[in-house]
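# A closer look at the structure
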Amino acid sequence: MTDVRVWDPVVRIFHWGTVFIVFTNFFLFDEGKVHEFLGYVLAGLLAVRLLWGFVSTGYARFANFLPTSARLRQHLTDIKQGAVSVEIGHNPVGALMIFNLLGTLILVCVTGHLATTDRFWGTEWMEEIHEFFSAWLMISVFLHVGGVLLESFRSGINLIHAMFNGIKRMP
Amino acid sequence: MSSWFKPMRFLSFDTEPREIRILSAGLVLSGVCTAFFTLDIVSDLFFDGYIPGGFHLGIEVGVVVLSLAVLVFHIREMRRFFRRHRRVVDQVRVASGEFAEVINALFDQWQLTPAERDVAILLIKGLGFGAIAEARSSREGTVKAQSNAIYRKAGVTGRHELLALFLDELLQDAQSE
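Attention in this report is confined to the structure presented alongside it. (Residues numbered from 1 in each chain as written. Chains lettered and ligands numbered in written order. Predicted model: local features only at pLDDT ≥ 70, side-chain atom pairs only at ≥ 80, totals over all residues.)

### Some words on the overall build of chain A
Under the convention used in this document: Where helices and strands are cited, they refer to DSSP runs of H or I of at least four residues and of E of at least two residues respectively, numbered from the N terminus. In this description, a residue-residue contact is defined by the distance between C-beta atoms placed from the backbone, which must lie within 7 Å.
Counting its secondary structure elements, chain A contains six helices and two strands. Order of helices (α) and strands (β) in chain A, N terminus to C terminus: β-α-α-α-α-α-α-β. When contacts within chain A are restricted to residue pairs at least 6 apart in sequence, those whose partners lie at least 24 apart make up 64%.

Put into structure tokens, the structure is as follows:
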């Protein structure tokens, strides 16, 4: 049993802040002032997280969890053969989902903002694109949570707990 | 060390290597930025009559929240760094202090005279007879005689074996760690 400090406060606050805003904006306020304000807060959070992905060291740095095809293939064969490869940071498949989520969040924020501008006033299609990406975001969130649960059982490391206190308890 | 860093001493470090300066500078910088954005939000809300909502304030709130997280992270990392740094410095100090004690203990055991102790230290440090004589302002012949007395008392045949004795002590310490 060794405890490894993996997720710094920036990653954790970004994660749970995003969770809160995405769910509030999807289910509670699907339009209006609060929706827009929270959307902009999310854009601010995203901006710092993206910057942090380039300037920080350790597991928050994008370069340290880039899912290369070699790493992806290795991980998938491990899963198929039932071998448990222990990853301290993101596993390669998880990392793919992280980049998908970050990219989708950016698109949701940008299209959401554009829909409010004068340029697209009176048109519906920008809002429809916004809704399309939101739907994709929710599908991704569903898969993300499923993957986290699956990987927690497979590896025996409580990944959800690690996102709360930042510490992975390695077996 | 420039004097404007002196207030950082509350973080308790007694040496100031490059890493600490960089960390401190980064901390001050991110602190100033976070403070600036926070003040901006406050002034927007209370003095310029911004309505909570909209582009400007929203993004700012998001940025400030994560900037605070960066600040927390930074302070904690610095603390951890100082603690580790201090521990290593202490360990080195203890190790070198202990080696000096080992040397003194051996000298006591061999019952060296004060003059012989000085010569022995210089011998271990690798100085030649000429240099030792010069350092102690005595003659080379005297130093040679003192050296022979040291070798005899230590039970070794020459300088190499004397050095080997101390090296052995050092290696034993390293292995028992």
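### Some points on helix 5 (residues 140–154) of chain B
Residues and elements named next belong to chain B. Counted only if it meets this: Here, expected helix span is obtained from the residue count minus one, scaled by 1.5 Å. Exposure is read from a count of other C-beta atoms within 10 Å of each residue's own; the residue is exposed at 12 or fewer, buried at 20 or more and partly exposed in between. C-beta atoms are placed from the backbone. To be clear, the arc concerns the directions from the helix axis to the C-beta atoms.
Between the first and last C-alpha of helix 5 there are 21 Å, a value that for 15 residues agrees with the 21 Å anticipated at 1.5 Å per step. Among the residues making up helix 5, those that are buried are Val143, Gln146, Ser147 and Ile150. Here the buried residues of helix 5 occupy an arc of 105 degrees about the axis, which is enough to place them on one side. Every exposed residue of helix 5 that faces more than 90 degrees away from the buried side is listed here: Gly141, Ala145, Asn148 and Arg152. Where helix 5 is buried, its residues touch helix 3 (114–124) and helix 4 (129–135). Looking one or two places after helix 5, you find Gly155, whose phi comes out positive at around 75 degrees.

### A short note on the packing of helix 2 (residues 33–55) of chain A against helix 2 (residues 55–110) of chain B
Operational definition: Working convention: axes come from line fits to C-alpha atoms, limited for helices to the stretch in contact. Angles between N-to-C directions cover 0 to 180 degrees. Should an angle lie under 35 degrees it is considered roughly parallel, over 145 roughly antiparallel, and from 65 to 115 roughly perpendicular; all remaining angles are considered oblique. It is the rotation of the near helix from the far one that decides the hand of a crossing: anticlockwise by less than a right angle makes it left-handed, clockwise makes it right-handed. For this scheme, ten residues count as nonpolar: Ala, Val, Leu, Ile, Met, Phe, Trp, Tyr, Cys and Pro. Four count as charged, namely Asp, Glu, Lys and Arg, and the remainder, Gly too, count as polar.
Relative orientation of the contacting elements helix 2 of chain A and helix 2 of chain B amounts to 45 degrees, with a least axis distance of 6 Å. Classified by the angle their axes make, helix 2 of chain A and helix 2 of chain B are oblique. When the axes of helix 2 of chain A and helix 2 of chain B are compared, the crossing they make is right-handed. When helix 2 of chain A is examined against helix 2 of chain B, the residues Phe37(A), Gly39(A), Tyr40(A), Val41(A), Leu42(A), Ala43(A), Gly44(A), Leu45(A), Ala47(A), Val48(A) and Arg49(A) are found in contact with a partner set consisting of Phe55(B), Gly58(B), Ile59(B), Glu60(B), Val61(B), Gly62(B), Val63(B), Val65(B), Leu66(B) and Ser67(B). Across the contact of helix 2 of chain A with helix 2 of chain B, the residue classes tally to 14 nonpolar, five polar and two charged.

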